[in-house]
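Coordinates in review
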Amino acid sequence: MDAKRPQELPPVKPAPCKAYSCAQSKYDVPRLSNRLLVSGFSGSGKSSLAQYLVLTAFKGCFALIYLLSSTAFSDVSTWGPVRKYIYKPCSEGGMGVPPEEECFFDDWQEGAHLTRILDEAKSVTDWLKAKGRSELSNVLVIVDDWASNARAMKGAGSNVSIWCLTQRFRNIRQAVRS
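What this report covers is the structure whose coordinates are included nearby. If you're wondering where the values come from, they're calculated on a predicted model, not measured in any experiment. (Residues numbered from 1 in each chain as written. Predicted model: local features only at pLDDT ≥ 70, side-chain atom pairs only at ≥ 80, totals over all residues. Heavy atoms only, no water.)

1. Thoughts on helix α2 (residues 76-87)
The α-helix winds at 3.6 residues per turn, so residues separated by three or four positions along the chain end up facing the same way. Which entries qualify depends on this criterion: Three labels apply to residues, based on accessible area from a 1.4 Å probe with only protein chains included: buried if under 20% of the type maximum, exposed if over 50%, partly exposed otherwise in between. We count a stretch as a helix when DSSP gives it H or I for four or more residues in a row; a strand needs E for two or more, and each element gets its number in order from the N terminus. Directions from the helix axis toward the C-beta atoms define the arc. Contacts are assigned to residue pairs with any non-hydrogen atoms lying within 4.5 Å of each other.
What α2 keeps buried is the set T78, W79, V82, Y85 and I86. Buried residues of α2 fall within an arc of 115 degrees about the axis and therefore sit on the same side. Summarising the geometry of α2, the exposed residues directed more than 90 degrees from the buried face are V76, S77 and K84. Where α2 is buried, its residues meet α1 (46-57), β3 (64-69), β4 (104-105), β6 (139-144) and β7 (160-166).

Set out below in structure tokens:
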């Protein structure tokens, strides 16, 4: 008797679905959307790194940028150039965000700002998908020294990148660190 040979399984591949894309940096940096965690002592350059990434490595990749930091208004040497880029007209090399759009917050308010930002980003992404668009917009949220708050590093989805800057790695919730 001739035993039947077992059939080989077809290769594993994802089920077909609509592909979406978003703007990416022209440099060799992590793809968007992403999560970035920067830990270092006060004055170690965490905020300067975030400023550099916004103004150089990821320039032109975000539709909106939000900053949640106790120094959002007082640290003008770091956040001033970012603010200028956000509100400068597109024709002058900026993002062209209307001045009435609040993008800088210096109070945590129990995560209310972040919750609103994430909800709005999800609504925009859902609207773009419903309209049949395949190019989605990126949103960046920089959380400076409030990364220990529960909502700061939770999965945002909806093409939202979250960059957390913290002085103490141990302050980051264990679920995020593992």
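2. Quick look at the sheet that holds β6
To summarise the sheet geometry, strands pair through backbone hydrogen bonds and adopt either a parallel or an antiparallel arrangement. Here is the rule: The rule for pairing is simple: two strands pair if DSSP sees at least two bridges between them.
With parallel pairing, five strands are arranged side by side in an open sheet as β2-β7-β6-β3-β4. Each edge of the open sheet is held by one strand with a lone partner, namely β2 (35-39) and β4. Alignment of β2 against β7, held across five bridges, turns out to be parallel. Directly across from L37, in β7, lies its bridge partner C164.

3. A look at the packing of α1 against α2
Defined as follows: To get an axis, a line is fitted to the C-alpha atoms, and for a helix only the part in contact is used. The angle between two axes follows their N-to-C directions and goes from 0 to 180 degrees. Angles below 35 degrees are treated as roughly parallel, those above 145 as roughly antiparallel, those between 65 and 115 as roughly perpendicular, and all remaining angles as oblique. Whether a crossing is left-handed or right-handed is set by the direction in which the near helix is turned from the far one by less than a right angle, anticlockwise for left-handed and clockwise for right-handed. Under the scheme applied here, ten amino acids are nonpolar (Ala, Val, Leu, Ile, Met, Phe, Trp, Tyr, Cys and Pro), four are charged (Asp, Glu, Lys and Arg), and all others, including Gly, are polar.
Two elements in contact, α1 and α2, have axes separated by 9 Å at closest approach and are oriented at 20 degrees. When the axes of α1 and α2 are compared, the pair comes out roughly parallel. Handedness of the crossing formed by α1 with α2: left-handed. Contacts between α1 and α2 pair S47, S48, A50, Q51, V54 and L55 from the former with S77, T78, W79, P81, V82 and Y85 from the latter. Residue composition of the contact of α1 with α2, grouped by class: seven nonpolar, five polar and no charged.

4. What to know about the packing of aromatic side chains
Definition in use: The pairing test for Phe, Tyr and Trp rings, Trp by its six-membered ring, is centres within 6.5 Å, and the orientation test on the planes gives stacked under 30 degrees, edge-to-face over 60, and tilted for anything in between. By definition, being over a ring means that NZ of Lys or CZ of Arg is both within 6 Å of the ring centre and within 35 degrees of the ring normal.
Counted according to the given criterion, the structure contains four aromatic pairs. Centroid distance F58 to F62: 6.1 Å. Interplanar angle 50 degrees. Geometry classified as tilted. Across the pair, exposure class does not vary: F58 and F62 are buried alike. Between F58 and W163, the aromatic rings sit 5.6 Å apart at their centres with planes inclined by 55 degrees, giving tilted as the arrangement. In this pair, F58 sits in the loop between α1 and β3 while W163 sits in strand β7, placing the two residues 105 residues apart along the sequence. The pair formed by F58 and W163 is uniform in burial state, with each residue classed as buried. An aromatic cluster of three or more residues is present, and its members are F58, F62 and W163. The aromatic ring of F104 is capped on one face by R83, whose charged end is 4.4 Å from the ring centroid.

5. What about the side chain of S25?
Quick note on the threshold: Polar contact criterion, stated in full: a pair of N or O atoms within 3.5 Å, where within protein one must be able to donate a hydrogen and the other to accept it, and residues adjacent in sequence count only if both atoms are side-chain atoms.
Turning to its location among the elements, S25 is positioned in the loop between β1 (21-22) and β2. There is a polar contact of 3.0 Å between the side chain of S25 and the backbone nitrogen of Y27. For S25, the side chain forms a polar contact with the main-chain oxygen of A57, separated by 2.4 Å. Aside from chain neighbours lying at most four places away, what touches S25 is A57, F58 and C61.

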